[in-house]
Amino acid sequence: MSEFRYDDVTIHYEIRGEGFPILLFAPGGMRSAISFWRGSEWNPIDTLSNDFRVIAMDQRNAGSSRAPVSRNDDWSTYTEDHIALMDYLDIEQAHLLGGCIGGPYCYGVIQAAPERVASAVLQQPIGNENNRDLFFAMFDAWADAIKTEHAEASESDWQSFRTNMFDRPFLYNTTREFVAQCPTPILVLMGNDPYHPESVSREIADLSPNAQLVEQWKNPEVDNTVAQVRTFLSKHTPNE
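Rules behind the numbers
Residues numbered from 1 in each chain as written. Predicted model: local features only at pLDDT ≥ 70, side-chain atom pairs only at ≥ 80, totals over all residues. Heavy atoms only, no water. Phe/Tyr/Trp six-rings, centres within 6.5 Å; stacked < 30°, edge-to-face > 60°. Helix = DSSP H or I, 4+ residues; strand = E, 2+ residues; numbered from the N terminus. Buried < 20%, exposed > 50% of the residue type's maximum accessible area, 1.4 Å probe, protein only. Pairing = 2+ DSSP bridges. Axes fitted to C-alpha atoms, helices over the stretch in contact; angles between N-to-C directions.

On to the packing of aromatic side chains, then. Following the criterion strictly, the structure yields 17 aromatic pairs and no others. Where Phe139 meets Trp142, the ring centres are 5.2 Å apart and the plane angle is 70°; that geometry is what we call edge-to-face. Remark: Trp142 and Phe139 occur in helix H4 (residues 132-146); sequence separation between them is three residues, near one turn of the helix. Trp142 carries the same exposure label as Phe139, and that label is buried. Members of the aromatic cluster, each reached through a chain of ring pairs, are Phe25, Trp75, Tyr78, Tyr105, Phe135, Phe166, Tyr172 and Tyr195.

Along the polypeptide, Ala227 turns up in helix H8 (residues 225-235). Residues Ala227 and Thr47, 180 residues apart in the sequence, show an inter-C-alpha distance of 10.0 Å.

This part takes up unusual backbone geometry. With a phi angle near 55°, Asp90 is a residue other than glycine that sits in the positive phi range. Mapped onto the secondary structure, Asp90 falls in the loop between helix H2 (75-88) and strand S5 (94-99). A positive phi angle is found at Asn130, which is not glycine, with a value near 55°. Within the secondary structure layout, Asn130 lies in the loop between strand S6 (117-123) and H4.

Looking now at the sheet that holds S5. In spatial order, the strands read S1-S2-S4-S3-S5-S6-S7-S8; together these eight strands make up an open sheet with mixed pairing. At either end of the open sheet lies a strand with only one pairing partner, and these are strand S1 (2-6) and strand S8 (211-214). In this sheet, adjacent strand axes meet at a mean angle of 20° when their direction is disregarded. Pairing between strand S7 (residues 186-189) and S8: four bridges, direction parallel. By the bridge assignment for S8, Leu189 is matched with Val214.

Right, here's the structure in full:
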């Protein structure tokens, strides 16, 4: 695993394969880290690295990545990390693939730098469907485990950070209006549980002018889902 530092942030990342880059945002909520791909429905690091340059990362204060905590931290803080890593690796344009919390992370980069995103795959994206308490509890469990490492942050800071992340509508870091006018090609692997509501996946697909929805994908390695993802990514890979 490699390490990238900027300001007071340390980001750990891993690169496998060659070709057009894909930046991965792992599932795991606030603990989103490379290791979570091993327990996911499929592991795109292994599966896609034969055809693409796959970049996986630990999010700040997850896995081996570290950063200070501030009351002003929000989704844009993570987007800054993602774009900083792309800059560090001299990636002008990439595909994005995000599981769970990675769905909103994808939209963060698309909003901030649309010209740098060739396409995005959203795997079971999280979203707001009367489930705020679930995400507040998930945030608190993550925060409680690392608070002793962050003397710079008061309890009020943590509460503000939590509100900035999960006391918002829809996908938390983007609006329905943005999704409806966003031309970026999107492939949605539908969610179906309280953290990853089916309704959110369907709404993304319905609103987006250039989206596909995959409803059934319980066993991606054998039910053609991986082939669909690979075909989608290849179709939207710019010609060299």
